Amino acid sequence: MMRDCENGDVRDQLPEYLHGMLDAETRALVESHLAACAVCTEELGFLRSARGAFSTPEVDLAAVTRAVTAAARRAQPTTMGAAAGARRWRVARWQVAAGVSFLLVGTISMQLLRQQNVDGRAEESMRDSLAMVTPGVLPGVLPAGLPSPSPMPAASGPAAETLTARRPKAAPASRGSAWSDLSDEQLQQLLNAIDGAEAVPGLEPEARMAPIMVPAGRTGRTGGEE
Amino acid sequence: MQPPEGTEDHAREETDASLIARWQSGDQRAAAILVERHAPSLARFAASCGVREQVDELVQDTFVRAFGSLDGFRADSALRTWLFTILRRLVLDRKRAEKRRRDDTELDEGQAVQEYDALDALVADETAQRIRIAVARLSPMQREVFTLRVTEGMAYSDIARVVGSTEGACRVHYHNAVRVVRGFLDDA
């Protein structure tokens, strides 16, 4: 009848003891237990028999080593190929990074230039607006003798040329005058003239009015239409 | 006293990690020492798992695979444990292939053990023969744990890595296996 030893710790270490894997202290502990425990001594005998029951099949160690070496030799070009590929990829990555940087710098430069152009157009638009309210552009609005204001400081370049071209030669602006030179009465007249000027029609198409359908049999006026 | 460096004795006392480093630096003798050190245990384990044919081929495949992926080998686990893990997978693959060819794997394993026993009966003693039969009747997990523990002296933690289980479960499998085998011997 098989029995189990109550000292599970020692019993659990019997395989290690069998294979000589215990340190000196633990080995001494196990040996002192074995000297007094018939159950563990019997189990150790069983383990020794079980260990010897399985013979080791013959293996050609030299053949295994040759196979390992040959496989490593076959794998070597692949490894080298992989390394070369990695190098190529590193170069390609630098090229891609350089290209992206170039595109980025170019895009930012284009945006800055475009922004400057927009600012220039805005400035020109402002000049045009001011030109619209100058006496030369609105002839007859200002009374005679009213000094023509200088809406913008002295400008140069194409925008300034355009502005000059639009200004009538018959009513040259007197240099050095400004809005602050106008009297209150003159300013009021100028504002009235601006209010009375016809607004430039918008470019947006007029909204289409949906025809109002009058239900059959119903008479009467609809929405102010005659 | 340690043997002088460069001698055969010194090489045999080198750790697996040191030999792996030598192999990776191009020293092919390191591979020979590692094969000599671990191949017999692997062959024994394969045989105890029921492999009877071309055990050396399995062992060779194990080493080729292991050396082919040494870069992925984690130094925190022993090379020996890793080799057993690879071998176990190869054994399972082979068994699955055999199962596809034949329908009843368990019956084949029993037959294989009996055939093996019949061949070896003349040279093996009766107790060893009965132990082999008893071990062959264990469940695959019990058999693997029992073999790794008894014939290889492997710790539960390493066995758990090899068979893909927990340390506690391996402990239970081992004691159940001992009980079954010893019970079989007592009944005979």
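Residue positions are given per chain, counted from 1 along the sequence in the order it is written. Labels are handed out in written order, letters beginning with A for the chains and numbers beginning with 1 for the ligands. Whole-chain, interface and lining totals are the exception, using all residues; otherwise, since this is a predicted model, local features are given only for residues with pLDDT of at least 70 and side-chain atom pairs are given and counted only at 80 or more. In computing side-chain properties, one takes all heavy atoms of the structure into account and sets aside hydrogens as well as water.

### Focus: the overall build of chain B
Looking only at helices and strands, chain B features ten helices and zero strands. In sequence order, chain B lays out its α and β elements as α-α-α-α-α-α-α-α-α-α. We call two residues in contact when some of their heavy atoms are within 4.5 Å. Within chain B, contacts between residues at least 6 apart in sequence are counted, and of these 56% link residues at least 24 apart. The Shrake-Rupley method, run with a 1.4 Å probe, gives the accessible areas here. Residue values count only the displayed protein chains as cover. For chain B, the exposed surface amounts to about 9600 Å²; the carbon and sulfur share of it is 48%. Where helices and strands are cited, they refer to DSSP runs of H or I of at least four residues and of E of at least two residues respectively, numbered from the N terminus.

### Concerning the overall build of chain A
For chain A, the helix and strand inventory stands at seven helices and zero strands. Moving toward the C terminus, one meets the helices and strands of chain A in the order α-α-α-α-α-α-α. The cut-offs for exposure are 20% and 50% of the maximum accessible area for each residue type, with area from a 1.4 Å probe on protein chains only; residues under the lower value are buried, those over the upper are exposed, and the others partly exposed. Evaluated residue by residue, chain A yields a buried proportion of 24% over its 226 residues. Of the roughly 16700 Å² that chain A leaves accessible, carbon and sulfur atoms contribute 58%.

### Describing helix H4 (residues 55–68) of chain B
Residues and elements named next belong to chain B. A helix is expected to span 1.5 Å for every residue after the first. Helix length check: H4, at 14 residues, gives a terminal C-alpha distance of 20 Å against a target of 20 Å (1.5 Å per residue), a fit within 8%. For H4, the full list of buried residues reads Val55, Leu58, Val59, Thr62, Phe63, Ala66 and Phe67. Each buried residue of H4 sits inside an arc of 160° when the element is viewed along its axis, so together they form one side. By construction, the arc corresponds to the directions joining the helix axis to the C-beta atoms.

### Describing the interface of chain A and chain B
Contact with chain A, which involves 34 residues of that partner, is made by 43 residues of chain B. When a carboxyl oxygen of Asp or Glu is within 4 Å of a side-chain nitrogen of Lys or Arg, the pair counts as a salt bridge. Remark: the boundary between chain A and chain B carries four salt bridges. When contributions to the side of chain A that touches chain B are tallied by element, the ones reaching two or more residues are helix H1 (8–12), helix H2 (14–18), helix H4 (38–53) and helix H5 (61–132) of chain A. Across the side of chain A that touches chain B, the residue classes tally to 18 nonpolar, seven polar and nine charged. Residues are sorted three ways: Asp, Glu, Lys and Arg are charged, Ala, Val, Leu, Ile, Met, Phe, Trp, Tyr, Cys and Pro are nonpolar, and all the rest, Gly among them, are polar.

### Observations concerning the side chain of Arg149 of chain B
You can see Arg149 of chain B is positioned in helix H8 (residues 140–150). By the criterion applied in these results, polar contacts are pairs of N or O atoms within 3.5 Å in which, for protein atoms, one can donate a hydrogen and the other can accept it, and in which residues neighboring in sequence qualify only through two side-chain atoms. Among the polar contacts listed, one links the side chain of Arg149 of chain B to the backbone oxygen of Asp12 of chain A, at a separation of 2.4 Å. When sequence neighbours within four positions are dropped, the list of residues in contact with Arg149 of chain B reads Asp12, Gln13, Pro15, Glu16 and His19 of chain A together with Met154, Ala155, Tyr156, Ile159 and Tyr174 of chain B.

### Quick word on the side chain of Gln142 of chain B
Residue and element names in this part refer to chain B. Along the chain, Gln142 falls in helix H8. For Gln142, a relative accessible area of 14% corresponds to the buried category. Once residues within four sequence positions are removed from consideration, Gln142 is found in contact with His173, Asn176 and Ala177.

### Focus: the environment of Leu29 of chain A
Checked against the element boundaries, Leu29 of chain A lands in helix H3 (residues 24–36). Distance in space between the C-alpha atoms of Leu29 of chain A and Val10 of chain A is 8.1 Å, their sequence separation being 19 residues.

### Thoughts on a nonpolar patch on the surface
Residue and element names in this part refer to chain A. Any residue with relative accessible area above 30% and no salt bridge may belong to a patch, with like charges joined within 9 Å and the nonpolar Val, Leu, Ile, Met, Phe, Trp and Tyr side chains within 5 Å. Nonpolar side chains collect at one region of the surface, where Leu104, Ile108 and Leu112 lie side by side and expose about 310 Å² of accessible area between them. When you line up the elements, Ile108 lands in helix H5. For Ile108, a relative accessible area of 47% gives the class partly exposed.

### Regarding the packing of aromatic side chains
Stacked, edge-to-face and tilted labels apply to pairs of Phe, Tyr and Trp rings (six-membered ring for Trp) whose centres lie within 6.5 Å, assigned for plane angles under 30 degrees, over 60, and everything in between, in that order. In total, this model carries six aromatic pairs over all chains according to the counting rule given. Judged by centre distance (6.2 Å) and plane angle (65°), the rings of Tyr156 of chain B and Tyr174 of chain B are edge-to-face. On the criterion of sequence distance, the pair formed by Tyr156 of chain B in helix H9 (residues 156–163) and Tyr174 of chain B in helix H10 (residues 167–187) is long-range, its members being 18 residues apart. Tyr156 of chain B sits in the buried class, given a relative accessible area of 5%. Linked through ring pairs, Phe46 of chain A together with Phe146, Tyr156 and Tyr174 of chain B together constitute an aromatic cluster. Any Lys NZ or Arg CZ found within 6 Å of a ring centre and within 35 degrees of that ring's normal is scored as a charge over the ring. Between the NZ or CZ atom of Arg149 of chain B and the centre of the ring of Tyr156 of chain B, over which it lies, the distance is 4.1 Å. Sitting over the ring of Tyr174 of chain B, Arg149 of chain B keeps its end group 5.5 Å from the ring centre.

Shape descriptors only; they carry no functional weight alone.
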